[in-house]
Amino acid sequence: MPTTAISLPPTPKRAHYDAIIVGARCAGASTALLLARAGLTVLAIERRPYGSDTLSTHALMRPAVLQLSRWGLLKPLLRAGTPLIETTTFHYGDEEITILLNAGPDLPGLIAPRRTVLDRMLVDAARKAGAEFLHDVAVGDLFADTRGRVRGVDIRGAGRAVLRLSADIVIGADGIGSTVAKCCDAQVLRRGTVSAAHVYGYAPAEPGAGYHWYFRDGIAGSLIPTNAGLACIVASVPTKLFDERFRLDHFRARMEVLEALSPALAEQASRAPDDARLQAFRGVPGYIRHAHGPGWALIGDAGFFRDPLTSHGIADALRDAESLARAILDGSEAAFATWQQERDLFAHQILDTTDAIAGFDWSLADIGERHRRFSAVMKAEVRALAAHPMPVRRAVPAMSELATYREPANKDEPQAMAGSSLYRNRTGVRP
């Protein structure tokens, strides 16, 4: 009698890692890539399948493109069919302002890769560098030692018992509802004041199209060329308006907003196949969480979230991945403090300028000035990124030093020895 093979998730290669990363999208996969290239043992755990899609505007701004170029991934993304964006057009009512992007060796233009392309490429590059990945696996809890220092994670996968893995540092790259942030009681340092809702869909794009951003009183929209000859077309409104008009019929309400913004934009959106699916994000106010603690750190949306209207989330994720990797490789508390200070410097400015746009309290007379303020922040961000060296590979210790105990990254007390009693953090129970 034939039997059906059961596919079980892969098994980790070791019980202890220099770093375990919870979440393997842009933030997590980037961090895994940089730490693995520097010689650390890294495991990234992602609850979604490898190569799966996720909600995104896709648009990368200058800081993100610069990072990908520095990491050697910009050219592969272009070879994968990601269109190069050479112009950005702002539509303020009936006024159009087109900006030609200045090309350079590290920044030939902008790109907006589908997440099925970008996230997969980051994962593949990290694997090539030596990082391990577990997809379709969830982290159920973190565990800590008797002093409250995080020591690792408990994971579960289909058909498997709970497995405990230890690490010198656990990194939360698991988004808005971050398990790591909850388990570590990460303090919210600041909350934003506004939220906007966005309805996303795809339609065929004209070859050579650039970014297009549309604004009229109380509404906004965008056209963002991405892979496979498609553009992501987004209708954006205050969350209150979304609750009033979009709940019963996303398609009709979205088309009404796009038509009000630009009949040409609505006509392009209408070219989507009849079975094309829309995705909606109702919006939540932005926040900045404390970035690290004993044995843990947060990056990406887990640590800092701002409204998608300014399309800066991926840039934040890549920037924080590199700066956190630099702190981990240094290993000192001073390096982690410097990382958080630098992150917060930009996070507060980005949240300020994003809320100023996503609050929809502007008029067509002043929205341009708010965009100029946001552009100034990005220029400063690019200068700061260009001034930082890449995370440095650790020197291989001499044979005589191999028996010497090495302080783990973000270390503040001796590591628990094998067989010692480990305790769950305050959100769990003792084993």
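Residues numbered from 1 in each chain as written. Predicted model: local features only at pLDDT ≥ 70, side-chain atom pairs only at ≥ 80, totals over all residues. Heavy atoms only, no water.

1. Let's talk about the environment of M390
The following threshold applies: Numbering goes from the N terminus for both helices and strands, where a helix is a DSSP run of H or I of at least four residues and a strand is a run of E of at least two. Contact definition: two residues touch when any of their heavy atoms are within 4.5 Å.
For M390, the position within the fold is in the loop between α11 (367-387) and β19 (423-424). Taking C-alpha positions, M390 is 8.8 Å from L34, a pair spaced 356 residues apart along the chain. Among all residues touching M390, those that are not within four sequence positions of it are L34, R70, W71 and E322.

2. Structural notes on the sheet that holds strand β15 (residues 287-289)
Definition in use: Any two strands between which DSSP finds at least two bridges are classified as paired.
In space, the 3 strands of this open sheet follow the order β9-β15-β18, with antiparallel pairing throughout. Edge positions in the sheet fall to β9 (188-191) and β18 (304-305), since each of these pairs with one other strand and no more. Relative to β15, β9 runs antiparallel, the two sharing 3 bridges. The residue of β15 that forms the bridge with V188 is R289.

3. Focus: unusual backbone geometry
Most peptide bonds adopt trans geometry, and most residues besides glycine take a negative phi value. The backbone of D136 shows a phi angle near 60 degrees, a positive value even though the residue is not glycine. Take D136: it is sitting in the loop between β5 (132-135) and β6 (137-144). Of note, A228 is a non-glycine position whose phi angle comes to about 65 degrees, a positive value. Within the secondary structure, A228 sits in the loop between β12 (219-225) and β13 (230-238).

4. Side note on the confidence of the model for the protein chain
Heads up, the rule is: By definition, pLDDT measures how confident the predictor is in each residue, and it falls between 0 and 100.
Per-residue confidence for the protein chain gives a mean pLDDT of 89; residues scoring 70 or more make up 88%. Taken as a whole, residues 1-7 scores under 50 in pLDDT and shows 0 contacts with residues more than four places along the chain or in a different chain. Confidence drops under a pLDDT of 50 for residues 396-410, and excluding neighbours within four residues, the segment shows 20 contacts in the predicted structure.

5. Overview of the sheet that holds β13
Where we set the bar: Every axis in this analysis is a line fitted to C-alpha atoms, fitted for helices over the stretch in contact. Angles between the N-to-C directions lie between 0 and 180 degrees.
Overall, mixed pairing links the 7 strands, which are arranged β4-β3-β11-β12-β13-β10-β14 in an open sheet. Looking along the sheet, the strands with just one partner apiece sit at the ends: β4 (95-100) and β14 (279-281). Averaged over all neighbouring strand pairs, the angle between strand axes comes to 15 degrees, with direction disregarded. The pairing of strand β3 (residues 87-92) with strand β11 (residues 211-216) spans 5 bridges and is classified as parallel. Along β11, the bridge assignment pairs T88 with Y211. The strands touched by helix α7 (residues 250-261) within the sheet are β10 (196-204), β11, β12, β13 and β14, with β13 carrying the most contacts at an inclination of about 90 degrees.

6. Points about the nonpolar core
Put simply, the rule is: To define a nonpolar core, start from buried Ala, Val, Leu, Ile, Met, Phe, Trp, Tyr and Cys residues and group those joined through side-chain atoms within 4.5 Å. Burial here depends on accessible area, computed with a 1.4 Å probe over protein chains only, as a share of the maximum for the residue type. Under 20% is buried, over 50% is exposed, and the range in between is partly exposed.
L68, F133, I171, Y211 and F215 are the most contacted members of the largest nonpolar core, which totals 88 residues. Once you skip the residues sitting within four places of it in the chain, F215 turns out to touch F90, H91, Y92, G93, A220, L261, I357, W362, L364, I367 and H371.

7. Describing the side chain of D168
Which entries qualify depends on this criterion: Whenever a nitrogen or oxygen atom comes within 3.5 Å of another N or O atom, the pair is scored as a polar contact, on the condition that within protein one atom can donate a hydrogen and the other can accept it, and that pairs from neighbouring residues in sequence are kept only if both atoms are in side chains.
If you trace the backbone, D168 turns up in strand β8 (residues 163-172). For D168, a relative accessible area of 4% gives the class buried. Among the polar contacts made by the side chain of D168, one reaches the side chain of H16 at a distance of 3.0 Å.

8. Some words on the side chain of R319
Looking at where R319 falls in the secondary structure, it is placed in helix α9 (residues 313-330). Among the polar contacts made by the side chain of R319, one reaches the side chain of D316 at a distance of 2.7 Å. Apart from the residues within four sequence positions on either side, R319 is in contact with Q67, F304, H312, R343, F346, I350, E381 and L385.

9. A few points about the environment of G39
The residue G39 is located in the loop between α1 (26-37) and β2 (42-46) in this model. Taking C-alpha positions, G39 is 8.4 Å from A129, a pair spaced 90 residues apart along the chain.

10. Remarks on the packing of α1 against helix α4 (residues 115-129)
What counts is decided by this rule: Every angle not falling under 35 degrees, over 145, or within 65 to 115 is termed oblique; those three ranges are roughly parallel, roughly antiparallel and roughly perpendicular. Each crossing gets its hand from how the near helix is turned against the far one by less than a right angle, where anticlockwise is left-handed and clockwise is right-handed. Residues are grouped as follows: Ala, Val, Leu, Ile, Met, Phe, Trp, Tyr, Cys and Pro are nonpolar; Asp, Glu, Lys and Arg are charged; every other residue, Gly included, is polar.
At a closest axis distance of 8 Å, the pairing of α1 and α4 adopts a crossing angle of 20 degrees. Considered as vectors, α1 and α4 are oriented roughly parallel to each other. Between α1 and α4 lies a crossing of left-handed hand. On α4, the residues that touch C26, A29, S30, A32, L33, A36 and R37 of α1 are R115, L118, D119, L122, V123, A125, A126 and A129. For the contact of α1 with α4, the residue count by class is 11 nonpolar, 1 polar and 3 charged.

11. Focus: helix α10 (residues 333-358)
Basically, it comes down to this: Multiplying one less than the number of residues by 1.5 Å gives the expected span of a helix.
With 26 residues, α10 should cover 38 Å at 1.5 Å per step; its first-to-last C-alpha distance of 36 Å lies within 8% of that length. Once α10 ends, the next one or two residues include F360, with phi positive near 55 degrees.

12. So, the environment of A380
Examined against the element boundaries, A380 turns out to sit in helix α11. Residue A380 is classed as partly exposed on the basis of its relative accessible area, which comes to 26%.

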